[in-house]
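# Summary of structural features
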Amino acid sequence: MKVARIALPVLLAVIACDHPTPPEPGNYTPGGPFSTAVPRQLTFSPGPDLTPTWLPDGSGILYQFERLDQPDGDRCLGILPAEGGTLRAEICNNTLAGADSTDAYGDAAVSSLGRIFFTRASAAWRLHNLAPAVADIVVANLATPWIVRSIRSLPYSVAPGGPTHFAVAQPRWLGDSAVVYVAQNVFYIRGVGYDTLRVGIELARMDLRVSPGSVTRIPGTDSASSVALGAGDTIYYTVAGDSRVFRRTLGSGDTATVWDFGAAGIARDVQIRGAKLYAVVGGVVSYTHDSTLGPVQRDGGGSIHAVDLALATDTPIPLSGFYRHIALSPDGRRIAAEGYAVGVASPGPDIWLLDVP
Amino acid sequence: MRRGLLAFVLVAGAAPLAGQATGAIAGRVRDSSGAPLPFARVVVGNGRQGAETDSLGNYRIREVQAGWHQVTARRVGFQAVSRDSVLVQAGQTTIANFVLSSPLSLTPIVIETSADTLLDPLAPADVQRIGGDEMRRLPVTTVEEAVALSAGAVGESYRGGRVGQQSFVLDGLGVKNQLDASTGGLGLRIPPDILTEASLVTNGFSARYGQAISGLINVVTKDGGERWQGRAAYETDRPLWASADMGLDRFVLSGDGPLLGGVRFAGALDAEARLDADPVNAPAPTDPRDPRTAVPWLLPHNAGEHYDGAAKLTVPIGGRHALRLFGARSVERRLLFDPAYKYDDALAPARRVTGTLVSGHLQHLASLDALHPLTADLRVGWFNREFMQGSLLSQPPFHFGAFSGDPMYFLGGDVALRQDTIAAQNALPGFVPPEYSVRTPWGVPAFFVGTGSRGSIGWNRFQELRGQLDLAWGLGQDADWYFGGELVRQRVRTFQRVFAYLPVGDSVPPPSAADFRPTSAAAYSEWQLRTSDLGFTIGVRLDQFQPRSDTGTGLAARPRWTFSPRFAVSTVLSGATVIASFGRFAQAPDYQYLVDAAFDDTLRTGRFRRGNPDLGYETATQFEFSVRARPSPRTNLRTNIYVKRMEGLVASVPLSVSADSSIFGNADYGSVRGVEALLERPIHGGWGARITYALQSATATATNAFELFRRIRINTLGDTVFPGSVEFPLDFDRRHGLTVILQGIVTDSVVHAVPVLRPLRGVETALIARYQSGLPYTRTNAAGDSLIGLPNSNRLPPTETVDLLVRRPLRFAWLQGSVYLDVRNLLNRRNIESVRRDTGSPGLGPQDVSAMAESAYAAHPEAIPYESLRYRAWADLNGDGMIAGSAELLPLYLAAARDFAQPVFFFGPPRLLRLGMEFDF
C-alpha cells in the first residue's frame, strides 16, 4: 500500500509533463552566402540569372532565373537575401495548367509600398514558338504575387500614330501609382540557336491607376537604353550607341548631358544616388545599323564606372569580367549586377554583389 | 449425479436466443424436506418480472435483462428467500434453486445459483463472452480488442469471413454500417464502462438476427443501479521514458444510479488521444539526417483523438412495462501519415468519422402467473454514420497532449456535403497542385511532395431508421416460440472528387456522387422444444432488401429475397453436451458496391469498377458439431468442428473484354473448415486461465475475374483450356491461432503461504499471449500489373504478442481505486503484418532502391545551385556552389529513395505501455 501511496502522487505530478512532439523537418539550406569574397557571386544556377533590382528597403535582391528542373523552362522571379544565400521567395507559374507552356516573368520592380510590377509572357513550349503567344504587364502585392491585376497587354500601340511598344525594361516606380521604363522593340531571330534581341525605342511613363494603364511617351528619349530615377521628377538615361548620360526633368522637359564617358565606350544601365552616378561602359558592346532591324545595340557586358558628379571624376571599378544591368542598393553602398565571366563558356550570367567606392 | 443435473436443466431451463440483451433465470423451489413446492412465486428485482413454479417446483423467468439481479422466492406459509447477486448473461440461462422453510422452522435457508452456460444443452449458439468487469481486468481497451480474444477471430474477421461480414447487436437492436463495413468500420464505439458484457457468436445464433455471415457481436449495456456509483480513470504514457512516450492520454468517466420516479441512469464518457495514434515497430531509419532517427521515432502527422459517449435511461411504466432510451455518439479524428508528405505534413490527409445511435426499447413483460407468458420488445433505432477524408483547411491545435477539440474543416468539404457535381467540374477553391518538396534533407525533386495536397475529398453518410419487434411466448415448460420482424429504411449519400486542383478533363475523372434510399425488411420465427434429454431449436428467417432508387449507375435494381433456415439439436452424452447445428445466414452486400467505385477497394485487384445496384445477398451455410464438457469441477472445455460454405460473395467480374470496364457481381464462393477448442478455468484460489485454439482453412473459389490467371492447360484431347474458376486462400485464412489468458491475484491465502509476497497483497495480474500463423498475400511483378502465382498463394510469417496488465488496489483518502500498468507487446516483438506485393518483404532491396534513385535522377539530372532551396552543402563535394553530375546528385537521390521506401506500416505496434489510475465512487 505504501508503494501505491507513493505512486499516486508521482503519477499525478508527472501528468503535467509535456509529451515529446513528432520530429519536424529541419532547415537544411546553408544559412548565409556562399562566400564573403569581393565581388561576391550570389547565384550559381547553370541557367541565366538576369536583371537584379533591389527591394526598396534593401533587404533583398529581386531577379529573374530559369527553372531548369522543368521541361518547359519557365522564367521566374526570385528574391535573394541582401547578403546572398538561399532564395527567400519564388514567383513562378507552378500550376499544372502552365506545364505545357513556357511562362516568363521578368522586368520587375518593387515599390516602396510593396507592390510589384512585372511582365508575363507565355508560349506553348512544345510548339517551339519563338515569340510568346500572350504577354502582359501586371501589378501585384509582393506578399501575394499570385493575385495579379493585369495592367496592359503587350505589345501595345501608343495612339495616335505613335510607335508600338513590344516590351518594357528597367521599370522604375514613380511613387506607387506610375512607372517609367524603357519601351522596347523585340526581335526574335531563328539562327543556330534562338535569340531574342531587344532594342530600346524610347522612355515612357505608365499610369497604373487606370486599366489599361495609360502610357505617356517621354519626348527626346529616342533609342533610350536605360533609365534611373533621380531626385524629384528627374530621370537619368542613356541612349543606344552613345557614351553620354542625360538628365531630364519630367515636369519641365529640360534635358541636359550630365556626363560623357567619351572614349571609354557606350554607356548604359545608369544608376544614380545623390551625386554618385554609376553606369556600365564599354566592354562587349556594339552598335550597328542593321538593314532589316534598324539600329541595334548588342550588349555582352562592360565595365562599371563610378562618377562623382560633384568632383567630376570617373573611376572605373577594377573588376574581372563584364557586368550588365547593375542595380544600386538603396543605401548606395552596393551594386548587384549580371556578371559575365571572361574567357569562360558560361551557360548564362549569374548575379554578383559588389561594394562601391 | 451430473447426468441428473443436466436432465433437470433440460426440463427447467431453455436458453434464450443467443445474440440478445437478455437471459433467463430458471430453477426449482423445494421445501426443507426436499419436496417440490408448486405455486411458489419467484420474482426478479422489484417484482416486475417473475414466474410461478409448476407442480414439480420448476420455474423459468424469460427475457431478464443481462446483469446482476436480486431474485426472491415466496410462498404463502414459507419464509421468503432472496439472493442479491444473481448474474444473468445474455443468451444464457442462470440456474437459481431455492429451499424455503416455514417461519417456525429452524432449518437453514438454502439457495443454489449457477450460470451453467457450458453444459446448458439448450444453448446451441457458439458464444464466447467477456464481461464489462472482466475487460477492466485484462489488457484490452475496446470491445473490438476484447472480442478479438475469441477463438476463430482474426482482428474483426471471424471464421475466415471478410471484415464487415459480422453484425453488431446492441441491447438486442441490430446496428450495421451497411455502406462500407468491409473497409470503414462501424464508426460507433461503445465505452466499455457502460457494458455489461460483450460476446462473439459465430454460429447457431438466433433467426432473430440477420445481416451476418461470419459472426455476431452482441453487446449488452447496463441499466442504472439502485444507488449511485461511478468510476473515473486516467491513463497516460507521459511519465515513461522517451521511446515509450507515444503521447497517450485517456480519460474515462462513468456513473449510474437512480433518478426521480424510478428512472435510472447509466452513462459513460471515454476520450483518448495519442500523438502517434498508429505506432509501428518498424526499424528506425539509419541515416542520421532523417529527422525520425531522433528518439522516440514518432510518426509525424499521425495523431488521433476519439471521443465516445453513451447514456441510458431506464423508465418503468406501470408494473409490466419498461422503456429504455439509449444514446451513443463517437467522434474519431485522425491525421494520417502519408510518406510522400513526410516533410510537408500539413498537406497530408486527415479523416473524421462520426457515429450516432439513438434508440428506444419498450418492453412488455408477462404477468407472473401467466400460463403462457408473452414478452414483447419493441425497439426503434436511428443510426447515422458520416465519413470525410481529405485535406484540412488548417491543422488542429493541440491543447492537451493530442487533444485538440478541433472539428476539422476540409478543403472542398462544403461541395462534398452539397454533392455539387456541377461545381466540382471545376478546380475546387483552395486546392493547389503538389510539387516535389524542397523541405527534405535530400533536396532533390523526387518522391516527396509539398506545395499542394493530393487533391482528393471523399465524403459519405449512411443513415438508418430501424424498427424491430420481438416476441417471446412461453408454450409451457417444454416449448418457447420466438417470432417477430424488422423494417429498415436507409439513406446513402456519397461524394468523391480526385485531383481537385484540376478541372475535370481527359486525365481527371468526374466527381462521383450517389443518393439513394434502400429499404429492407425481415421476419422470423423460432421454436425451442425440449423433450426428454433432447433439445431442438428450429428457426426460419426471411429477408428482403431493395435499393429502391437510382444509385447513379444507370442500372436497375430489383428487390432481393432470401430464406434462411436454422436448426440445432442438442443432448447430453456421458456428461458432455453435444450439439449439432445447421444454419443459413445472409447479408445484403455493402452498398459501396452498388455505386460506382468511390471507395478504396479492398478486393483482389484494386481497380476502379462500376457499381451494380442489382447485387444480391451474400450467403453462408454452416454445419457445426460441438461438444462441451467439464473435465474437472473447475475446468470447462468446448470444441467445435464446422464447415461453412459461402456463396455469392461480392467480387468484380468483367463487363466486357477490358479488365478495367468491370462491374461488381455475386461471383465468388468460399469454403471455411475449422476446429476450435476452448479450455477455461475461472479464477479460483487466486488464479484462472483460458486457452483458445483455432485451426481453420478458408478458401475462395472464383470465376476468372479479370482473367487474372491465364493458366493454359491442354486437355486429353489436346485442346487448349482456360480454367473457368480457381481456388485459393481467402484473405483471412489464418491457419493457426492460439490465445492464452492467465489471471492471478495475490490473495491473503497466497500471502499466508508465501510471506515474501506480502507487499504484493491484492495485486492482480493478467497476461495474454498470442500466437497466430501468417495470413496469405498475393505476389505481383515489379510493375504491379501481373500476379505471380495464384492470389493469396504466399503467407506472412507468424505473429506473436504478450500483453500484460498489473493492477494494484489502493485507497486514497475516502476514495477506493487502483493504479495499473498496461503493457502491450511486452517482448517488443517486431511482427510483420503485411509485405510489399512486389518483393514479398516489408521493404525494397538495395537494388530496387538504387533503381528508384537512378530513375528519379534520370528524370531530373539538372544541377542544383547554391541559392536553390534544394542545395545541400554536404552533397557539394567539390564546393563549387553547385550540386551537379551523378557523383554529387546520385547520393542525394539514393538517400531520398531509402527514406521514401522505408517500410513503416508493414509492422505491428511496438511495446506500448500505459500507466493508469482509477477511482470508484
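Residues numbered from 1 in each chain as written. Chains lettered and ligands numbered in written order. Predicted model: local features only at pLDDT ≥ 70, side-chain atom pairs only at ≥ 80, totals over all residues.

## Considerations on the overall build of chain A
The helix and strand inventory of chain A stands at 1 helix and 28 strands. Residue burial in chain A is summarised as follows: out of 357 residues, 41% are buried. For chain A, restricting intrachain contacts to residue pairs at least 6 apart in sequence, the fraction spanning at least 24 positions comes to 43%. (Helix = DSSP H or I, 4+ residues; strand = E, 2+ residues; numbered from the N terminus. Buried ≥ 20, exposed ≤ 12 C-beta atoms within 10 Å, placed from the backbone. Contact = placed C-beta atoms within 7 Å.)

## Quick look at the sheet that holds strand 18 (residues 244-249) of chain A
All names here are of chain A. If you trace the 4 strands from one edge of the open sheet to the other, you get 16-17-18-19, paired in antiparallel fashion. In this open sheet, the two edge strands, each paired with only one partner strand, are strand 16 (224-229) and strand 19 (255-260). For this sheet, the mean inter-axis angle between neighbouring strands, taken without regard to orientation, is 30°. Pairing analysis gives 5 bridges linking strand 18 to strand 19, with the strands arranged antiparallel. Residue pairing across strands places R248 opposite T255, the latter belonging to strand 19. (Pairing = 2+ DSSP bridges. Axes fitted to C-alpha atoms, helices over the stretch in contact; angles between N-to-C directions.)

## Let's talk about the nonpolar core
Within the largest apolar cluster, 167 residues are counted, with the highest numbers of intra-cluster contacts made by I25(B), V42(B), L100(B), V219(B), Y893(B), A896(B) and A897(B). No other element matches the 8 residues that helix 8 (residues 885-900) of chain B contributes to this core. For I25(B), the contacting residues outside a window of four places in its chain are V44(B), I61(B), V64(B), V71(B), V86(B), V88(B), T94(B) and A96(B). Among the nonpolar cores identified, the runner-up in size contains 79 residues, and L203(A), Y236(A), I266(A) and Y340(A) belong to it. (Core = buried A, V, L, I, M, F, W, Y, C linked by C-beta atoms within 7 Å.)

## Section: the interface of chain A and chain B
Taken together, the contact pairs 34 residues of chain A with 46 residues of chain B. At 7 residues, helix 1 (residues 2-14) of chain A tops the list of elements feeding residues into the side of chain A that touches chain B. Across the side of chain A that touches chain B, the residue classes break down as 23 nonpolar, 8 polar and 3 charged. (Nonpolar A, V, L, I, M, F, W, Y, C, P; charged D, E, K, R; others polar.)

## As for the sheet that holds strand 25 (residues 313-316) of chain A
Residue and element names in this part refer to chain A. The sheet built from 4 strands is open, its strands ordered 20-21-24-25 with antiparallel pairing. Looking at strand neighbours, the two that pair on one side only are strand 20 (267-273) and strand 25, the edges of this open sheet. Direction aside, the axes of adjacent strands within the sheet are offset by 20° on average. Bridge count for strand 24 (residues 303-308) against strand 25 is 4 bridges, and the pairing is antiparallel. Bridge assignment links H305 to a residue of strand 25, and that residue is P316.

## Things to note about the pairing of strand 24 of chain A
All names here are of chain A. Summarising the sheet, strand 21 (residues 276-281) and strand 24 pair through 6 bridges and their orientation is antiparallel. Each residue of the ladder has a partner; that of K276, found in strand 24, is D308. If you look at the hairpin formed by strand 24 and strand 25, you'll find 4 residues sitting between the two strands, and A312 has a positive phi there, around 60°.

## Observations concerning the packing of helix 7 (residues 846-859) of chain B against helix 8 of chain B
Residue and element names in this part refer to chain B. Look at helix 7 against helix 8: their axes get within 8 Å of each other, and the N-to-C directions meet at 125°. On the basis of their axis angle, the class for helix 7 and helix 8 is oblique. Crossing of helix 7 over helix 8 shows right-handed handedness. Residues V849, S850, M852, A853, A856 and Y857 of helix 7 pack against S886, L889, L890, Y893, L894, A897 and R898 of helix 8. Its residues assigned to classes, the contact of helix 7 with helix 8 shows 10 nonpolar, 2 polar and 1 charged. (Parallel < 35°, antiparallel > 145°, perpendicular 65-115°, else oblique. Left-handed = near helix turned anticlockwise from the far one by under 90°.)

## Looking at the pairing of strand 19 (residues 304-317) of chain B
All names here are of chain B. The pairing of strand 18 (residues 264-274) with strand 19 spans 11 bridges and is classified as antiparallel. When the sheet's bridge partners are listed, L269 is paired in strand 19 with G309. Two elements, strand 19 and strand 20 (residues 321-335), share 14 bridges in a ladder whose sense is antiparallel. Bridging from a neighbouring strand, G309 pairs with R329 of strand 20. Two successive antiparallel strands, strand 19 and strand 20, enclose a turn made up of 3 residues, where G318 displays a positive phi of approximately 70°.

## A closer look at the environment of A859(B)
With respect to the element layout, A859(B) can be found in helix 7. When the C-alpha positions of A859(B) and P445(B) are compared, they lie 9.1 Å apart, and in sequence the two are 414 residues distant.

## Here we look at unusual backbone geometry
All names here are of chain A. Across the junction of L154 and P155, the peptide omega takes the value -5°, indicating a cis bond. Within the secondary structure, P155 is located in the loop between strand 9 (144-154) and strand 10 (156-157). A cis amide bond links S211 with the next residue in sequence, P212, at an omega value of 0°. One can find P212 in the loop between strand 14 (194-207) and strand 15 (214-218). The phi dihedral of A312 falls on the positive side, at around 60°, and the residue is not glycine. Within the secondary structure, A312 is located in the loop between strand 24 and strand 25.

## Thoughts on the environment of G174(B)
Residues and elements named next belong to chain B. Here G174 shows up in strand 13 (residues 173-175). Residue classification places G174 among the buried residues on the basis of 24 C-beta atoms within 10 Å. Sequence separation of G174 and N218 is 44 residues, and the distance between their C-alpha atoms is 9.1 Å.

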